[in-house]
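Structural overview for review
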Amino acid sequence: MWNYIARRLLQLIPTFVGATILAFVIIQIAPGDAITRFELDPTVDREQIERLRQQFGLDQPIPAQYAKWLSGVFFHGYLGLSLDYRSDVWSVIRQPILNSMVLVGLSTLLIYLVAIPIGVYSAVRKYSLGDRALTFLAFFGLAIPNFFFALIMLYFAIWVNDHAGMRLLPVGGMTDQFLGGVPRQEAPWIARTLDVLWHSILPVIVVATSGMAGLVRIMRGQMLEVLSQDYVRTARAKGVAESMVVYKHALRNAVIPLVAGIGGLLPGLIGGAGLVEVVMAWPGITPAFLQAVSAIDIYVIMGLITISTFLLIVGNLLSDLLLAWVDPRIRYN
Amino acid sequence: MTRKIEARSQGALQSRSFFQEAWIRFRRHPLARLGGGVLLVLYLGALFADFLAPYPETKSFRDLTFSPPTPVHWRDENGRLTRPYVCAVERKRNLETFKLEFTQNCAQKYTIYFFVQGEPYRFLGFIPANLRLMGGEWLQNEQAHLFLWGTDDFGRDLWGRIWYGARVSLTIGIFATALALLIGVFMGSLSGFFAGKPLTLSIGLFNPAYREFVSRNPLPSLFKTLLWLALWGGLAWLVWVMLSGFWATTRGFEAVVFGVLGVGILLAIAYAVLFPLIKIDLDTIIMRTTEILAAIPDLFLLITLSVLIPQGIPPAMRFYLVVCILSFVNWGGLARVMRGQILQLREMEYAQAAQAMGASDSRVITRHILPGTFTFLIVSVTLAIPGFILAESGLSFIGLGIQEPASSWGLLLSKAQAQGITAFVDRPWLLIPGLFIFIAILSFNFMGDGLRDALDPRAKR
Amino acid sequence: MKRILVLSMLALAGLALAQPKVFKGVEAGRAGGNYRVTAISDPRTFNPFVARETSSTDVIGLFLPYLTGYDPYGLKPEGHLAQSWEVRNNGLTVIFKLRQGAKWSDGQPIDADDVIFSATAHADPKVNSNARSSFILDGQPIKWSKVDQYTVRADFPKPYAPALIQSWYIAPEHIFGEAYKAGKIPELWTLETPVNRIISGGPFMLESYSKGERVVLRRNPSYWGVDDKNNPVAYLERYTFTTVSDLNAALAKFLAGESDLYAAANADQVAQILERIRSGGLKGEIFPNADVTTGTNFIVFNWNHKDSDKAKLFRQVKFRRAMAHLMDKKSMIEVALGGLGQPQWSPISIPVKQFFTDDVAKYDYSPQKAAALLAELGFRKKNAQGFLVDATGKVLEFNLVTNQGNNIREKIAQIFAEDARKIGIRVNYRPIDFNELVRQLTQPAADGTRDFDAILIGLTGGIEPAFSRNVWQLNGSLHAWNLGVGGQAPKQVESFEVLIDKLMTQGATTLDPAKRREIYVQFQKVVAENVPLIYTVAPAYNPARNARIGGLFPKGQINSIVGQFPYIETVFAKE
Amino acid sequence: MSMPTPTAVATSLVEVQNLKKWFPIRGGILSRVVANVKAVNDVSFDVKRGEVLGLVGESGSGKTTVGRTVLRLIEPTSGTIRFDGHDITHLPKPQLRAYRRKMQIIFQDPFASLNPRMTVGDIIAEPLVIHNLEGSAQARTERVAELLQMVGLNPDHIRRYPHEFSGGQRQRIGIARALAVRPEFIVADEPVSALDVSIQAQVVNLLQDLKEQLGLTILFIAHDLAVVEYISDRIAVMYLGKVMELASSKDLYRSPKHPYTEALLSAIPVPDPTVKRERIVLQGDIPSPINPPSGCVFRTRCRYAIKECAEVVPELREVAPGHFKACIRDDIL
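An unreviewed UniProt entry annotates chain D as Oligopeptide transport ATP-binding protein OppF originating from Calidithermus roseus. In the Sequence similarities (unreviewed entry) part of its UniProt record, chain D is described as follows: "Belongs to the ABC transporter superfamily."

Chain B goes by Oligopeptide transport system permease protein OppC in an unreviewed UniProt entry, where it is assigned to Calidithermus roseus.

Printed below as a string of structure tokens:
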């Protein structure tokens, strides 16, 4: 198994190099660089712009820039310099990654908690009214653009607060400045955690709704397949109670691919919750990435992609290991 | 006698192909039927957008921005039913509340006529026509206006633009899916079919095999030789630029390590040119590529690529470029699944049977392997299209997709977005494009779901 | 024991010598409370030598001092860290007296060493500070020297009118000095630096920073300012920037009472705020159309066009006047600015009262006049498609681009293109990427030609016309319509450009305010007459405020340059 | 006899010499070849014109691999394959096509070997289309009808789909397809093992009839001796990638010379109650083809094994006229 893990980690290198080269080339093809926007500033003269380019190494040939960056990553674990923040990339992206992980992690939890029972119900009561209604609901989440849904939720929050006459729901953001009259950084950690959880209610609902449908459908399909298997039929024939059949025999086997899929969620975590973060002012990866793209902050983009590649491989590896663990039929090869 | 009966019974038992049976199952699926029906209506609407819309796509009324839907009257002052008519509407900003106020002036009634001559257009892009569903002289003379679903921030008729926009939104998914599918299926097929069968990349000039290779077919061989020399040369040049640039800025340990590495690579390239026979497995290359694409989160890749779209291009070009980007981001997943399917199908005995018969690779792929993936393809297409529609609306939302004055549902919805809370409180009609996105995606999903059930190979025959 | 004695004696001496600045507030305030605003983006750094964007300088300006600024009531220079100054030598020398007793929050005095050090570092090309242009006058450096601990002297190569309002930030020498020598200035005071290690010499000091969320500053107790009753300022206990990148979310935050000040962008936002105030959902006020913002938007034609016909056409003043006649500014205000704004005719922003004049050539919206002017240029006939052609049959046509994503400019460009097409000019409007636009505009080919036709772009205006010399002087890097190569003046120059160049030089070097006004009035007239830049419309300034904040200007005093309050030091929270 | 002689060329249609097929197993961090599955390990035999050669062995003995390698459906690792005196081992694809017409295969699984999306007519006509035979579509349809009749199916079924037929009928379709191009040589790869016993005889009879009628040469692969006895002229017995014994059908049944053949034969129930046969039960499992036993591969399960068996790899040698065996012991059986 260690051999297998080592091999998978080695595979990381070509994927990592390939993905970063791809990103690097794409960004370089786009017109301009991080300094271009200063050219329209009447107070900045030409020499200053040239000096900035030199300072950031933007005057080097592109392959050399890439080599320089790569050597930084390999030799110093240094993801480069953010041209926008003028500090190291890791410090720029660390917090957004963590914030997105909170949001996506909570949403995933919610998805699993809701989707599995719905999927099971839909499979057991296939084509019943309940199945149809739940299917419809699941599709609702899939069909509504999540940035649009997020906006609706934002106004919903305002409406609720107005009618309640108090701040029942937060209007965007991730934290409050004051917790019970104390500045945030002086508040106990439990209060801070609760505060983040409270702020995450609406974005989590939005993100979870859009991700729910897929899982419900997978769960339903898995369950239907397992329920038609011989051993389930045998169990029924033996006179095992229906609930036992469903929960003990069928469910256990139906969730196997879902369990294994958990590893696959890791790269999803770095993808962040997409435009929901933008609309809901959640300080996650997507706003950071959009900002980096518009500032052509090349190494921040590269840094995000590096981390995401790493998480992808680790996630896939984790999936495979989990799968081998939950499913005795699978061995490493 | 018996023979006759048998013949007739055979006629009655007309054998049904897999797809015919699937179609029957599909029709029994109520939600799928509903989805299909709705989509049919939407596509017809898109096709006949010019006919449905009273105005051309880009026609704007700058003094009538954000007009609410024009009230259509069915009764005259005495409450008697009459032909539908509208009144002239005037727009003013109230300087107390700063809200827009619209007042009807019903001194003159403008009757809505159906199937009228309106502004000329070209149906399907080339047939000159001027038949419009609704209108009247007053509409062309701009004495009064007919905005069934209000106007946007430029005073353009939203009803019409939704149907014009449907052309983009409803086809972008199909085009993007088709292109992604094309790339994905092509790459996936190559990958799946050639897995474990490496192809020769280059032969070293001093390799004994090279002489044989050249002697077999001199001219094309020499051409190929030049090609791979160019490849290796280009690679060497790139490594050299990298190395020299790196040395220019770095000293010490790293420079040494990179130097050794770089020189090593250059030597390896020289060696590759001279001696070995290098074979590559297309499967490995393609799968690595998809892995690389998968490593970059979709939204990131989409955004980064969108920045590449040259902006000084006509809207039609932009549309196709958006399509290209969407499909570029998504072909990897399709290719991977296709590869899996093909690896499975390749081992099916009927594929081997065809090979044993002497069928060419392309025939085996196209006649025996690809048709086996059809059911999967159909389902994944119907389920991929809504994804693309969503992706397009997302791109348009952040301003990287379709651009004005062209329209797409995503773009139209971004107007509501730009309006913020006003859109909800005062201008709810701006949200209608969102409703269309929602309905279209829902319909595609219902249809896909129905198709999946119908095409399930395990379904009872 | 002895040391404590010495220390307390020093403190007493400090008190005796203290020369605090008096901040004259709008009303009497009370101490305490939190002031909350939204910012569209995070600060990038807390380092004054590295900062380039307002999201950073807005924060830095709250904790670092500067010598002089302008007085918010009269827009004339006034001392901040400099208690007084003396102009000698026909304006070639300025001697600044610093406030004695001013201290950094770590107890060190703020003195001439800090000023000289900061001036040196800002001016050093290796540091690459954004403020460097404040230390170079037409290529020659301004010399800063220390006279004594509380006196510094600046020697100008020539008289420079805005010398006293160039507010560059003074950084503590005892923190930055070593790093400067080691060439490591950028490593200090980054976002990673613990906030308590960043010392303050301004009204506030950093209290906490969380990326993507907020920056919180706390009152600096050792600040050297007082109000007119000699109470220490700032009144506010805290100043909070919340990062809200979405504009609607920022409005929502204000409507929900979660931010204190807001400037409504258009009539719809005004209407929303008004409605919320009326319905009792928000206790606050809004002043629609209180002023005009300083930003400008204009169309610039390329006089260095590769196609010499086009270059020749664009150089025709009649052509540009025709284009000016095609500006339906009323529609632009309604559609592009959302109902509130003013037409702009001259290069100086409307709120800059001391220089602005309305008495310039104006070009009313009149397609007929435009058509007539074009006819004079030879475009009399229309071809089969309805486009104007000259005698040789060449269609009157040009591309108009603006930076994609700027909603206002995109709409202005569309309106202009629509109207131009109506009289037969084929205007191909396209939004393009900002960087690409900048490249087209600012990077001529080796032979001096550029390849765009027309660009709709804007510049952030400001209080001081001299700061826009880069645009108006012949060798300026933003002499957008007729750009020279490599910092030289363009090859072919019109006479009015030479006149403008001369006026700009005069304006910058004349010290007498009345004479300066005269110069700039003439400058505005020349520009409006020749329309090298065809100005469009300027959005209105519609400030809104939450009622819990006091110390703000009453309606009449609000202007878009100063904002809603004279000094942040005298703003206070009412509850 | 396995050695090629001028006379052998005249009488042998197919000749296989020292055929090896190793499937590499990759492993380790760098995914190098760490081992080989020696599916076919040095096999030689020939099939005479007009003869049916039975190829028998347990599953995993490599008999199917031999069958497919002979047809070049699998590329051999080494060795030579001659067809009609011509070496086809390394023939490039275009040239191979001409031979494909002469050699056909009938598959084991009648369900998997017919494309479910094609009608019977299309399936049978496909080889005609590929080799451009029978010219017009009309002629092709007639030929298909003729073939259907030949294999005992109703020619009216030409438009039906495979799923509408029973297993036996489908195997007939498979046979018709193989016969369509009028081949000289057919590899019947366990053509009846997937069928019900009652149907097996029908299909074997059909093949027998067709062989006589059309003068076919057949390599008949099966996993038990009972099936091949009836149809084969000669039989080769394989074990773990090697031929153990090769003899005429009669000789082999009457007097098996190899302990493995003896064990296989003892498993066949004999209808004659008077004949008493000792039932030999093979001990243990078939060893892994990755790491086959040294010397004689069968020695681990051979009840006659002696020490030398582990040291000497037994040659396939002629122990009686036309009777070959690969066993060093002549003192048994």
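Observations concerning the sheet that holds strand 1 (residues 73-75) of chain B
All names here are of chain B. Sheet architecture is open: three strands sit in the order 1-2-3, paired in antiparallel fashion. On the outer flanks of this sheet lie strand 1 and strand 3 (100-111), each paired with one strand and no other. Sheet twist, expressed as the average angle between the axes of neighbouring strands with direction ignored, equals 40°.

Structural notes on unusual backbone geometry
With omega at 0°, the peptide bond leading from C:Val233 into C:Ala234 counts as cis. Position of C:Ala234 among the secondary structure elements: in the loop between strand 13 (225-227) and strand 14 (238-243). In the Ramachandran plot, C:Asn289 falls in the positive-phi region, its phi being about 60° despite a non-glycine side chain. Among the secondary structure elements, C:Asn289 is positioned in the loop between strand 16 (284-286) and strand 17 (291-292). Although it is not a glycine, D:Leu240 sits at a positive phi angle of roughly 50°. Considering the arrangement of structural elements, one finds D:Leu240 in the loop between strand 9 (234-239) and strand 10 (242-248).

Concerning the UniProt feature "transmembrane region" (unreviewed entry) in chain B
Residues and elements named next belong to chain B. According to UniProt, the feature "transmembrane region" (unreviewed entry) maps to residues 34-55, 162-187, 226-249, 255-280, 292-313, 319-338, 369-391 and 429-451 in the numbering used here. With 100% helix and 0% strand, residues 319-338 has end C-alpha atoms that lie 27 Å from one another. Counted over residues 369-391, helix gives 83% and strand 0%. Its end C-alpha atoms are 31 Å apart.

What to know about the interface of chain A and chain B
The extent of an interface is frequently quoted as the accessible surface area lost upon association of the parts. Listed as interface residues are 53 residues of chain A and, on the opposing side, 50 residues of chain B. Regarding the contact of chain A and chain B, the summed buried area is about 4,700 Å², with carbon and sulfur atoms giving 79% of it. Joining chain A to chain B, the criterion identifies zero salt bridges. For the pair chain A and chain B, the number of links is zero residue pairs in polar contact (both at pLDDT 80 or more). With nine residues, the single largest contributor to the side of chain A that touches chain B is helix 1 (residues 2-29) of chain A. Residues that form the side of chain A that touches chain B fall into these classes: 37 nonpolar, twelve polar and four charged.

Here's the deal with the pairing of strand 11 (residues 204-210) of chain C
Residue and element names in this part refer to chain C. Of all seven residues in strand 11, five are buried, a share of seventy percent or more. In this sheet, strand 12 (residues 214-219) lies alongside strand 11 in antiparallel orientation, the contact comprising six bridges. Pairing of tyrosine 209 across the sheet is with valine 215, part of strand 12. Taking the residues between adjacent antiparallel strands as the criterion, strand 11 and strand 12 are bridged by three residues, where glycine 212 takes a positive phi near 75°.

Here's the deal with the packing of helix 3 (residues 30-47) of chain B against helix 6 (residues 158-194) of chain B
All names here are of chain B. Close contact between helix 3 and helix 6 brings their axes to 8 Å; oriented N to C, the two are set at 120°. In terms of orientation, helix 3 and helix 6 fall into the oblique class. Classified by chirality, the crossing of helix 6 by helix 3 is left-handed. Mapping the contact onto sequence places Leu42, Tyr43, Gly45, Ala46 and Leu47 in helix 3 and Trp163, Ala166, Arg167, Leu170 and Ile174 in helix 6. Looking at the contact of helix 3 with helix 6, its residues break down into eight nonpolar, one polar and one charged.

Topic: the interface of chain D and chain B
Every contact between the two is made by 32 residues of chain D and, on the other side, 27 residues of chain B. The contact between chain D and chain B buries some 2,500 Å² in all, and 50% of this surface belongs to carbon and sulfur atoms. Where chain D meets chain B, there are one salt bridge. Taken together, the connections running from chain D to chain B amount to five residue pairs in polar contact (both at pLDDT 80 or more). Of all elements in the fold, only helix 3 (93-100), strand 6 (103-106) and helix 4 (120-130) of chain D reach the threshold of two or more residues within the side of chain D that touches chain B. The residue makeup of the side of chain D that touches chain B, split by class, is twelve nonpolar, eight polar and twelve charged.

Structural notes on the domain arrangement of chain B
All names here are of chain B. In terms of domain boundaries, chain B breaks down into domain 1 (17-47 + 157-198 + 281-461), domain 2 (63-153) and domain 3 (201-280). Contact with domain 1, which involves 15 residues of that partner, is made by 18 residues of domain 2. At the boundary of domain 1 with domain 2, total buried surface from both sides reaches about 1,400 Å², with 64% on carbon and sulfur atoms. If you sort the residues of domain 1 by the area they bury against domain 2, Asp157, Trp159 and Trp429 come out on top, with a joint share of 42%. At the boundary of domain 1 with domain 2, the tally comes to two salt bridges. For lysine 415, the salt bridge goes to aspartate 153, with nearest N and O atoms at 2.7 Å.

Things to note about the state of the cysteines
Throughout the structure, instances matching the rule amount to one disulfide over all chains. There is a disulfide in this structure between B:Cys87 and B:Cys106, and the S-S distance comes to 1.9 Å. Residues B:Cys87 and B:Cys106 are joined through a disulfide that is right-handed, its torsion about the S-S bond being 85°. With B:Cys87 in strand 2 (residues 81-93) and B:Cys106 in strand 3, the pair connects residues that are 19 residues apart, well separated along the chain. A relative accessible area of 0% means that B:Cys87 is categorised as buried. According to the relative accessible area criterion, B:Cys106 is partly exposed, its value standing at 35%. Unpaired in terms of disulfides, D:Cys296 finds its nearest cysteine sulfur in D:Cys309, a separation of 5.7 Å.

Digging into the nonpolar core
Counting residues in each nonpolar core, the largest one holds 378 residues, and the members touching the most others are C:Trp144, C:Met323, C:Ile425 and D:Phe185. Examining the composition of this core, we find that 15 residues originate from one element, helix 6 of chain B, more than from any other. Dropping the residues within four chain positions of it, D:Phe185 is found in contact with D:Leu13, D:Val14, D:Val47, D:Val70, D:Leu71, D:Phe83, D:Lys102, D:Met103, D:Gln104, D:Thr217, D:Ile218 and D:Leu219. By size, the runner-up hydrophobic cluster in this structure holds 61 residues, among which are D:Leu147, D:Phe220, D:Tyr253 and D:Cys327.

Brief notes about the pattern of salt bridges
Here the idea is simple: oppositely charged side chains can pair when their charged atoms come close. Taken as a whole and assessed by the stated rule, the structure comprises 50 salt bridges over all chains. The partner of D:Arg301 in a salt bridge is D:Glu58, with the nearest N and O atoms 3.6 Å apart. Taken together, the residues span a long stretch of sequence, with D:Arg301 in the loop between helix 10 (259-266) and strand 11 (317-320) and D:Glu58 in the loop between strand 3 (52-56) and helix 2 (63-70) at a distance of 243 residues. Ionic pairing is found between D:Asp189 and D:Arg68, a salt bridge with its closest N-O pair at 3.2 Å. Of this pair, D:Asp189 sits in strand 7 (residues 185-189) while D:Arg68 sits in helix 2; the two residues are 121 residues apart in sequence, bridging distant segments of the chain. One network of salt bridges, in which partners are shared, links B:Arg62, C:Asp328, C:Glu418, C:Asp419 and C:Lys422.

Quick look at the sheet that holds strand 11 of chain C
All names here are of chain C. Reading across the sheet, the four strands line up as 2-14-12-11 and stay open at both edges, with mixed pairing between neighbours. Among the strands making up the open sheet, the edge pair consists of strand 2 (34-39) and strand 11. For this sheet, the mean angle separating the axes of adjacent strands, direction not counted, is 20°. Relative to strand 11, helix 2 (residues 54-63) is tilted by about 140°, and along the sheet it contacts strand 11, strand 12 and strand 14.

What counts as what
- Residues numbered from 1 in each chain as written.
- Chains lettered and ligands numbered in written order.
- Predicted model: local features only at pLDDT ≥ 70, side-chain atom pairs only at ≥ 80, totals over all residues.
- Heavy atoms only, no water.
- UniProt positions renumbered as here; feature names shortened; annotations may be inferred.
- Pairing = 2+ DSSP bridges.
- Helix = DSSP H or I, 4+ residues; strand = E, 2+ residues; numbered from the N terminus.
- Axes fitted to C-alpha atoms, helices over the stretch in contact; angles between N-to-C directions.
- Contact = heavy atoms within 4.5 Å.
- Buried area = accessible area lost by both parts, 1.4 Å probe.
- Salt bridge = Lys/Arg side-chain N within 4 Å of Asp/Glu carboxyl O.
- Polar contact = N/O pair within 3.5 Å; in protein donor to acceptor, adjacent residues only side chain to side chain.
- Nonpolar A, V, L, I, M, F, W, Y, C, P; charged D, E, K, R; others polar.
- Buried < 20%, exposed > 50% of the residue type's maximum accessible area, 1.4 Å probe, protein only.
- Parallel < 35°, antiparallel > 145°, perpendicular 65-115°, else oblique.
- Left-handed = near helix turned anticlockwise from the far one by under 90°.
- Domains from an automatic or database assignment.
- Disulfide = S-S within 2.5 Å.
- Core = buried A, V, L, I, M, F, W, Y, C linked by side-chain atoms within 4.5 Å.

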